[in-house]
Amino acid sequence: MCGDLSQYDWKNQFPYENIDVSTSGGTRFVECKDGNLYTVESTNGENNLVKIKPDFTIEKAPIHASYEPSSFGAYREATFCGTSDGTFYYIAGGKIYRATFDNPAPTEALTTYTKDGYGFYGAGIRVNPQTNELLAMYLTSEYNKNLIVRFNATTGEKISEITYDGYYFPATFIFN
C-alpha cells in the first residue's frame, strides 16, 4: 500500500491519512490478496470488521457483540487474525469464529472447544497459512498451566493439544 518509503525523512514526511477506526484494546491488521487491509474495531460494545481500501476509504461490517480485543487485561494483542484469501478468525463469547467480510458474524462458531479451568490468553489465536491450522492459546486463572490446541482452520476439528506447567505466559505464535 505504501510503496518505496526511502524518500521520506524528517524534512520530507510521509503523507499519512487519518481513518475512522477505534479500538479499546490492541489491534492487528490482515493484508489480503484483494489489495485491502482488514482489522477489527471495538469501542463501547460496538464491534466491526473493517476493510481499509488502498485509497484509505473504509467499510465496516458488524461482528459479534461479545468480541473483546484482548483476552487478557495486561496483554494488548488482538484476538483477531486471518489469511490473505480473506478468511478471518476471532474470539467472541469464549468461542472461535471463522468469518469473511461478507459474513462477519456467522451464527455457528468454528469450534466451541473448552477445557475445564482454562481460558484464552495472549493473542489467543493465530492461523498458520502453510498448514491451514489454527492455534489457540489457553491459560488457567492461576497462570501456571498452559495449553496450546491445534485446530483444522476450515472445519474446526481439534488436531492435538499440548499442556505444560510453569509461569511462561506465551504471548503469540509466529510462523515463518
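Anything mentioned here points back to the structure above.
Below is a short write-up of the structure. Being a predicted model, the structure only gives us computed values, none of them experimental.

For the rest of this paragraph, the subject is the overall build of the chain. Regarding its fold elements, the chain presents zero helices and eleven strands. Seen in sequence order, the chain has helices and strands lined up from the N terminus as β-β-β-β-β-β-β-β-β-β-β. By the burial criterion, 40% of the 176 residues in the chain qualify as buried. Taken as a whole, the chain presents about 9,900 Å² of accessible surface, with 48% of it coming from carbon and sulfur.

The biggest cluster of nonpolar side chains holds 16 residues, and the ones touching the most others in it are Tyr89, Ile96, Ile125, Leu134, Tyr138 and Phe151. For this core, the elements supplying multiple residues, two or more each, are β6 (88-92), β8 (118-128), β9 (133-140) and β10 (145-152). If we skip the residues at most four places from it in the chain, isoleucine 125 touches Thr79, Cys81, Tyr89, Tyr90, Ile91, Ile96, Phe120, Leu134, Leu135 and Ala136. Grouped together as the second largest cluster of nonpolar side chains are 15 residues, Val30, Ala61, Phe80 and Ala92 included.

Let's shift gears to the pattern of salt bridges. Overall, the coordinates contain seven salt bridges when judged by the stated rule. The partner of lysine 60 in a salt bridge is glutamate 41, and the shortest N-O contact between them spans 2.9 Å. Note that lysine 60 is positioned in strand β4 (residues 58-62) and glutamate 41 in strand β2 (residues 37-43), a separation of 19 residues in sequence. For glutamate 41, a relative accessible area of 6% corresponds to the buried category. Among the ionic contacts, a cluster of salt bridges with common partners joins Asp20, Glu41 and Lys60.

Turning to the layout of surface pockets, a few remarks are in order. Size it by volume and the largest pocket reaches roughly 210 Å³. Taken together, 15 residues line the largest pocket, and the ones lying closest to its centre are Arg28, Gly82, Thr83, Val127 and Pro129. When residues of the lining of the largest pocket are traced back to their parent elements, those giving at least two are β1 (30-31), β5 (80-82) and β8. Considering only residue class, the lining of the largest pocket consists of eight nonpolar, four polar and three charged.

Moving on, we get to the sheet that holds β2. Ordered in space as β1-β2-β3-β4, the four strands form an open sheet in which the pairing is antiparallel. Lying at the two open borders of the sheet, with one neighbouring strand each, are β1 and β4. Bridge count for β2 against strand β3 (residues 46-52) is seven bridges, and the pairing is antiparallel. Paired with valine 40 across the strands is leucine 49, a residue of β3.

Conventions used here
Residues numbered from 1 in each chain as written. Predicted model: local features only at pLDDT ≥ 70, side-chain atom pairs only at ≥ 80, totals over all residues. Heavy atoms only, no water. Helix = DSSP H or I, 4+ residues; strand = E, 2+ residues; numbered from the N terminus. Buried < 20%, exposed > 50% of the residue type's maximum accessible area, 1.4 Å probe, protein only. Areas by Shrake-Rupley, 256 points an atom, 1.4 Å probe, with all protein chains shown as cover. Core = buried A, V, L, I, M, F, W, Y, C linked by side-chain atoms within 4.5 Å. Contact = heavy atoms within 4.5 Å. Salt bridge = Lys/Arg side-chain N within 4 Å of Asp/Glu carboxyl O. 1 Å grid on protein atoms, 1.4 Å probe; cavity = no way out; pocket = protein on both sides within 12 Å on 5 of 7 lines; lining within 4 Å. Points joined across faces, edges and corners; volume = space filled by probe spheres on them. Nonpolar A, V, L, I, M, F, W, Y, C, P; charged D, E, K, R; others polar. Pairing = 2+ DSSP bridges.

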